[in-house]
Amino acid sequence: MTATTRLSQPVQVSLSLRGVTKSYLSRGRRTRVLDAVSLEVAPGEVVWLRGPSGSGKSSLLRIAGLLSTPDSGMVVVDGLPATTMRGAAARRDGVGMVFQNGNLLPDLSVRDNVAIAARRPVWGVVDRLLADFGLEEVAARLGKEVSGGQAQRAALCRAMLNDPRLVLADEPTAGLDPANRTVVLDELSRARRPDRAIVIASHDDEVVRVADRVLTIDRGRLV
Amino acid sequence: MSDVALLTRATLRPGLRSHRPLLITIALCVAAILTLNGVVGAGVSRYARSVQYRSALNLIELSSQGQGATRELDDAALRRVAGLSGVTGAYAWFQVDLALSHDADWPDPHVNPGALWGTPLIPGLSPQLLAGNLPAAGLAADEIVLPSSVPGGRLDRLLGKSVTMEFTKVVRPGVGEPAKRVFRVVGIADNTTPGQAGPTPSYLSEQALEDLYASSGAATGAPMFTTAYVRVVDPERVPRVQRELSEQGFAVRSVAEQLRSLGGLFAALRWVSLALVAVLMVFSLLVGGSVGASWVQQRRREIGLLSAIGWSRRRIAAAVFGQVAVLGAGTAVVGVLAGLAGSTLATTLIAGRRLTLLPVDPWGLPSPAAVLVGAFLTPLCIVLGAVRAGWRASRVDPDDALRDLT
């Protein structure tokens, strides 16, 4: 077995973190944000990662999303160890990330914001996704011109464009009104598929409605 | 359309908005360079034609009134000058005031074309003919070459026709009366670049001029002239003959010297043009650096986001270069178009003003090489200037950039 072959066939685990530790240097002081975290998320599973602000939810999601490397420990995404993956390509093809407040590019239309997730966007696929998420009417509007709920749905749309096996959503309902929170969670729920794992980091209790499993993190440790 | 092209297209307008003053300055620089180049080119072209048609490099202008002149110019003096070693001829130069007698010959019956100064046709100082031909043996006494352009319009239609020219005949001191003489028009001369003969000279044979000069009553004794031209066997002997004539008490100046000073002016303009190209290159590099740097600074969060959704470093750098290149190319196109228009306008205006010091052909365009420099070197320098910014953009850590958000 080469380093880039999947650890098991078929994939039993979409995301696996083993003994992951991460610390940041802040104002000359090293702060440990994740302390020997281990978890596994199976395909088809929706996991709610909850915890107070600063507990390490976002850091864990960034490491799982291959945006950040742990100080120690092992990360396996969709059967491949993170150390063997080319960051950008793996992020584009394997992981769909949804950030807080949508994070659309303000000068791009909603349609273009979704399309830029693919190297050569297929417009038919983009438009179908936008229709699925009820965004056809705002597709031509700029990222800075849409509401928070629409931006978050567009971000979700963008995360789904490359058909990822792992979706990571960081506070997807933050700052949304109850109606939009419900819509966004419904869309996340609709994104569920037998071969796709979804991890939602949030302190919004409504997430429990769509989650199969709840993990609580506090001071960098899963409790 | 690729993702990079998509981003470039979308961020073009904001980029244009935030860097408009710099980009306008570059476009103006390109336009100025091309305009200067067009003027220089039109001048060089005129200069080349001047040398070609006039073959005046072996002529010396002799004056009895210039600085250092102590001798008078008359027929006897001219005969002596013509006998000098290396001199093939000496020609008196003077003008007689002529006018078209019949208004039917005027281009516009309501606008008097004014004085068409009768001027001798000196070998080597022949005007460029736009129509007609100069007879090989020179003009006959009843032949005339008219200027093409006069107040009220053009005289081209008079070619081949007979015209009556009017001049003032002096009947006694202080009293004159109009006199007329008929000439056949054998040529129409280009007078867009006026020289010593003034803006609207007509050309006559030496014989006809002397007749007019005599009948005008101006010559009461032996004819005296203020200017004459001396033809030397070849241009290399000009300095020696010039020195000899100067020693004899004439103010002298070679036509070659005048042409050289004109050449000096165009050479200076060419140097200014080259200096402007250097300034443009440096400025373009700086603007490229500035546009790229501000793109990265303003869009750091977005670059982090792009990286997070799977954009490689290379594609992020390409997005920076794409933006800068499109802005640079657009600026260059605007600059080149403005330069083409500026060159045409400037040469036409200068040619219309008939500046003796800056004779140029109208409708002059910059050289293709200058257009290529403007169109390609400018965006290239702008992109090169953005290399550092592109490198920095590709190194933005998505984790850092996005951590600022949450």
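Residues numbered from 1 in each chain as written. Chains lettered and ligands numbered in written order. Predicted model: local features only at pLDDT ≥ 70, side-chain atom pairs only at ≥ 80, totals over all residues. Heavy atoms only, no water.

### Focus on the side chain of arginine 299 of chain B
Right, so step 1: By the secondary structure assignment, arginine 299 of chain B is in the loop between helix H6 (255-298) and helix H7 (300-308).
Right, so step 2: Engagement of the side chain of arginine 299 of chain B in a polar contact is seen with the side chain of aspartate 107 of chain A, the distance being 2.7 Å.
Right, so step 3: Other than its neighbours up to four places away in sequence, arginine 299 of chain B contacts Asp107 of chain A together with Thr11, Pro14 and Ser294 of chain B. (Helix = DSSP H or I, 4+ residues; strand = E, 2+ residues; numbered from the N terminus. Polar contact = N/O pair within 3.5 Å; in protein donor to acceptor, adjacent residues only side chain to side chain. Contact = heavy atoms within 4.5 Å.)

### Overview of the packing of helix H8 (residues 313-353) of chain B against helix H10 (residues 387-394) of chain B
Any two packed helices are characterised by how steeply their axes cross, that is the angle between the axes, and by the distance between the axes.
Residues and elements named next belong to chain B.
Right, so step 1: The geometry of H8 relative to H10 is characterised by a closest axis approach of 8 Å and an angle of 145 degrees between their N-to-C directions. The hand of the H8/H10 crossing is right-handed. Where H8 approaches H10, its residues Arg313, Ile316, Ala317, Val320 and Phe321 are matched on the opposing element by Val387, Ala389, Gly390, Ala393 and Ser394.
Right, so step 2: Residues belonging to the contact of H8 with H10 are distributed by class as follows: seven nonpolar, two polar and one charged. (Axes fitted to C-alpha atoms, helices over the stretch in contact; angles between N-to-C directions. Left-handed = near helix turned anticlockwise from the far one by under 90°. Nonpolar A, V, L, I, M, F, W, Y, C, P; charged D, E, K, R; others polar.)

### A closer look at the confidence of the model for chain A
Right, so step 1: Residue-level pLDDT values for chain A average 87, and 94% of them are 70 or greater.
Right, so step 2: A low-confidence stretch, residues 1-9 of chain A stays under pLDDT 50, and its non-local contacts, those more than four residues away or across chains, total 15 contacts. (pLDDT = per-residue confidence, 0-100.)

### Quick word on the sheet that holds strand S8 (residues 197-201) of chain A
Residues and elements named next belong to chain A.
Right, so step 1: In space, the six strands of this open sheet follow the order S6-S7-S8-S3-S9-S10, with mixed pairing throughout. A strand with exactly one partner marks an edge of an open sheet, and here the two such strands are strand S6 (95-98) and strand S10 (221-222).
Right, so step 2: Along the sheet face, helix H1 (residues 57-64) touches strand S3 (46-50), S6, strand S7 (166-170), S8 and strand S9 (213-218) and points at about 155 degrees away from the line of S7. (Pairing = 2+ DSSP bridges.)

### Some words on the packing of aromatic side chains
Right, so step 1: If you walk through the whole model with that rule in mind, you get zero aromatic pairs over all chains.
Right, so step 2: Stacked on the ring of tryptophan 48 of chain A, the Lys or Arg arginine 50 of chain A has its end atom at 5.4 Å from the ring centre. (Phe/Tyr/Trp six-rings, centres within 6.5 Å; stacked < 30°, edge-to-face > 60°. Lys NZ or Arg CZ within 6 Å of the ring centre and 35° of its normal.)

### Observations regarding the side chain of serine 394 of chain B
Residues and elements named next belong to chain B.
Right, so step 1: Structurally, the position occupied by serine 394 is in helix H10.
Right, so step 2: Using a relative accessible area of 8% as the deciding quantity, one classes serine 394 as buried.
Right, so step 3: For serine 394, the side chain forms a polar contact with the side chain of arginine 395, separated by 3.2 Å. (Buried < 20%, exposed > 50% of the residue type's maximum accessible area, 1.4 Å probe, protein only.)

### Description of the sheet that holds strand S1 (residues 15-26) of chain A
All names here are of chain A.
Right, so step 1: Taken together, the four strands give an open sheet; going across it, the order is S2-S1-S4-S5, and neighbouring strands pair in antiparallel fashion. Every interior strand has two partners, whereas the edge strands, strand S2 (29-41) and strand S5 (80-81), have only one.
Right, so step 2: Its contacts with the sheet put H1 on S1, S2 and strand S4 (72-77), and the angle it makes with S1 is roughly 120 degrees.

### Some thoughts on the interface of chain B and chain A
Right, so step 1: Taken residue by residue, the interface counts 28 residues in chain B and 26 residues in chain A.
Right, so step 2: Summed over both partners, the interface of chain B with chain A buries about 2500 Å², with 56% contributed by carbon and sulfur atoms.
Right, so step 3: On the surface where chain B and chain A come into contact, there are three salt bridges.
Right, so step 4: Of all the elements in the fold, those that place two or more residues in the side of chain B that touches chain A are helix H1 (3-18), H7 and helix H11 (398-403) of chain B. (Buried area = accessible area lost by both parts, 1.4 Å probe. Salt bridge = Lys/Arg side-chain N within 4 Å of Asp/Glu carboxyl O.)

### Remarks on empty space enclosed by the protein
Right, so step 1: Counting across every chain of the model gives two cavities of 30 Å³ or more.
Right, so step 2: Here the largest cavity is characterised by a volume of approximately 90 Å³.
Right, so step 3: Lining of the largest cavity is provided by Arg91, Arg92, Val95, Gly96, Met97, Ala117, Arg158, Ala159, Asn162 and Pro164 of chain A together with Ala308 and Ile309 of chain B.
Right, so step 4: Per-element accounting of the lining of the largest cavity gives the leading share, three residues, to S6 of chain A.
Right, so step 5: Class assignment of the residues belonging to the lining of the largest cavity gives a composition of seven nonpolar, two polar and three charged. (1 Å grid on protein atoms, 1.4 Å probe; cavity = no way out; pocket = protein on both sides within 12 Å on 5 of 7 lines; lining within 4 Å. Points joined across faces, edges and corners; volume = space filled by probe spheres on them.)

### A word on the pattern of salt bridges
Close approach of charged atoms lets side chains of opposite charge pair.
Right, so step 1: Applying the stated criterion across every chain, the model contains 25 salt bridges over all chains.
Right, so step 2: Two residues, arginine 32 of chain A and aspartate 35 of chain A, come together in a salt bridge whose shortest N-O distance is 3.1 Å.
Right, so step 3: For aspartate 35 of chain A, a relative accessible area of 17% translates into the label buried.
Right, so step 4: The partner of arginine 299 of chain B in a salt bridge is aspartate 107 of chain A, with the nearest N and O atoms 2.7 Å apart. Residue arginine 299 of chain B is found in the loop between H6 and H7, and its partner aspartate 107 of chain A is found in the loop between S6 and helix H3 (110-115); the two belong to separate chains. With respect to burial, arginine 299 of chain B and aspartate 107 of chain A carry one shared label: buried.
Right, so step 5: Sharing partners across several salt bridges, the network here consists of Arg181, Asp186, Asp204, Glu206 and Arg209 of chain A.

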